[in-house]
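# A closer look at the structure
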Amino acid sequence: LGATGVRAGEVAFSVTNPASVPVAGVARVSLPVPRGLLPGLPPGEAVVGGGTVPVQARVVTRHPDGSIRRVLLSVPIDLPARGVVEGVYRPGPPPVSAVAPGASVPAAVGTDCWRVVPGMDRIELLDARGALLAAIEPFGPDPDPAASVVVQVIESGPLYTWVRYDRPGEQWNRQCDV
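The structure presented is a predicted model; accordingly, all values stated were derived computationally and were not measured. Numbers given for residues are sequential positions, taken from 1 along each chain in its written order. This being a predicted model, a pLDDT of at least 70 is required before a residue's local features are given, and a value of 80 or more before pairs of side-chain atoms are given or counted; all residues contribute to the totals for chains, interfaces and linings. By convention in this description, side-chain values take in all heavy atoms of the structure and omit both hydrogens and water.

## What to know about the layout of surface pockets
For each structure, a 1 Å grid was placed over the protein atoms alone; sets of points admitting a 1.4 Å probe that cannot get out are labelled cavities, open sets with protein on both sides within 12 Å along at least five of seven lines are labelled pockets, and lining residues have an atom within 4 Å of a point. Grid points are joined across faces, edges and corners, and a volume is the space filled by probe spheres set on the points. What the largest pocket holds in volume is close to 310 Å³. Contributing to the lining of the largest pocket are 15 residues, with Val109, Gly110, Thr111, Leu159 and Tyr160 lying nearest its centre. Numbered from the N terminus, helices here are DSSP runs of H or I no shorter than four residues, and strands are runs of E no shorter than two. Elements supplying a minimum of two residues to the lining of the largest pocket: strand 9 (109–110), strand 10 (114–117) and strand 14 (161–167). Of the residues belonging to the lining of the largest pocket, the class tally is ten nonpolar, four polar and one charged. Gly is put with the polar residues, along with every residue not named as nonpolar or charged; the nonpolar set is Ala, Val, Leu, Ile, Met, Phe, Trp, Tyr, Cys and Pro, and the charged set is Asp, Glu, Lys and Arg.

Dropping the structure here:
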């Protein structure tokens, strides 16, 4: 992964699959951005392989003028063995977010295949009909069941949502990232 160069008004990058088998998934690439190109929120899409795709963007640093200096992109990719795809990141519409960071946590996070029902003491994975596929429950000492649970949306976008549950205890803490 890497930036291949900067043209006026955009940042070009490429994603390479060095493996001898095809790969489909989400690639993460850190891009340098010229001063002033992206003054506010990072755009929520990029052109990859000639088509526009939704991306999840996280600002890493900003220039002194407040514009984005470096952005970390999560980009959906589908590459053949030893394949390369070219991409361009440029000003555009703001990102789409399933849950805004700092917002209240949803009762469930849905995908096109299943729903994740998060919680401090149990996380459930349900299929599209609502049938339980899997459950994750904590083990070990319980810090303090009466202690308040702090829930925080760390990151959310079109590709994934990251929610943290934290219960403090006197000797033990319990933290769960979903």
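Now, onward.
## Topic: the pattern of salt bridges
Salt bridges are defined as contacts in which a side-chain nitrogen from Lys or Arg sits within 4 Å of a carboxyl oxygen from Asp or Glu. Overall, the coordinates contain seven salt bridges when judged by the stated rule. Notably, a salt bridge pairs glutamate 10 with arginine 90, separated by 3.3 Å at the nearest N-O pair. With a gap of 80 residues between them, glutamate 10 in strand 2 (residues 10–16) and arginine 90 in the loop between strand 8 (84–89) and strand 9 connect regions that are remote in the sequence. Each residue's exposure class comes from its accessible area (1.4 Å probe, protein chains only) as a fraction of the maximum for that residue type: buried when under 20%, exposed when over 50%, partly exposed otherwise. For glutamate 10, a relative accessible area of 12% puts it in the buried group.

## Points about the nonpolar core
Phe13, Leu31, Val71, Leu73, Val75 and Tyr89 are the most contacted members of the largest nonpolar core, which totals 22 residues. When residues of this core are traced back to their parent elements, those giving at least two are strand 2, strand 3 (23–32), strand 4 (45–48), strand 7 (68–79) and strand 8. Of all the elements, strand 7 adds the most residues to this core, at six residues. It only takes one pair of heavy atoms within 4.5 Å for two residues to be counted as in contact. With near-sequence residues (within four places) excluded, leucine 73 lies in contact with Phe13, Ala27, Arg28, Val29, Leu31, Val55, Gln56, Ala57 and Tyr89. For the purposes of this section, nonpolar cores are sets of buried Ala, Val, Leu, Ile, Met, Phe, Trp, Tyr and Cys residues that join through side-chain atoms within 4.5 Å. Among the nonpolar cores identified, the runner-up in size contains six residues, and Val116, Met120, Ile123 and Val163 belong to it.

## Digging into the pairing of strand 7
A strand pair is defined by DSSP finding two or more bridges across the two strands. Strand direction decides the pairing type here: strand 3 and strand 7, joined by ten bridges, are antiparallel. Bridge pairing links leucine 31 to valine 71 in strand 7. Relative to strand 7, strand 6 (residues 56–62) runs antiparallel, the two sharing six bridges. Bridging across to strand 7, valine 59 finds its partner in valine 71. Adjacent in sequence and paired antiparallel, strand 6 and strand 7 are bridged by five residues, among which glycine 66 carries a positive phi angle near 95°.

## Considerations on the side chain of glutamate 10
Here a polar contact means two N or O atoms within 3.5 Å. Within protein one must be a hydrogen donor candidate and the other an acceptor candidate, and residues neighboring in sequence count only if both atoms are side-chain atoms. A distance of 3.3 Å separates polar atoms of two side chains, one belonging to glutamate 10 and the other to arginine 90. Beyond its immediate stretch of four places on either side in the chain, glutamate 10 contacts Leu37, Val88, Tyr89 and Arg90.

## Examining the sheet that holds strand 13 (residues 150–156)
Judged by pairing direction, the sheet is antiparallel, and its three strands sit side by side in the order 13-14-15 without closing on themselves. Here the strands that pair on one side only, and so sit at the sheet edges, are strand 13 and strand 15 (174–177). Averaged over neighbouring strand pairs, the angle between their axes works out to 15° when direction is ignored. Bridging between strand 13 and strand 14 involves six bridges; their strand directions are antiparallel. Bridging from a neighbouring strand, glutamine 152 pairs with arginine 164 of strand 14. Think of each axis as a best-fit line through the C-alpha atoms, taken over the contacting stretch in the case of a helix, with angles from 0 to 180 degrees between the N-to-C directions.

## Some details on the sheet that holds strand 12 (residues 132–136)
Across the sheet, which stays open at both edges, the four strands sit in the order 9-10-11-12 with antiparallel pairing between neighbours. Of all strands in the sheet, those bounded by a partner on one side alone are strand 9 and strand 12. Pairing of strand 11 (residues 123–127) with strand 12, which is carried by four bridges, proceeds in the antiparallel orientation. Each bridged residue has a counterpart across the sheet, and for glutamate 124 the counterpart in strand 12 is alanine 135.

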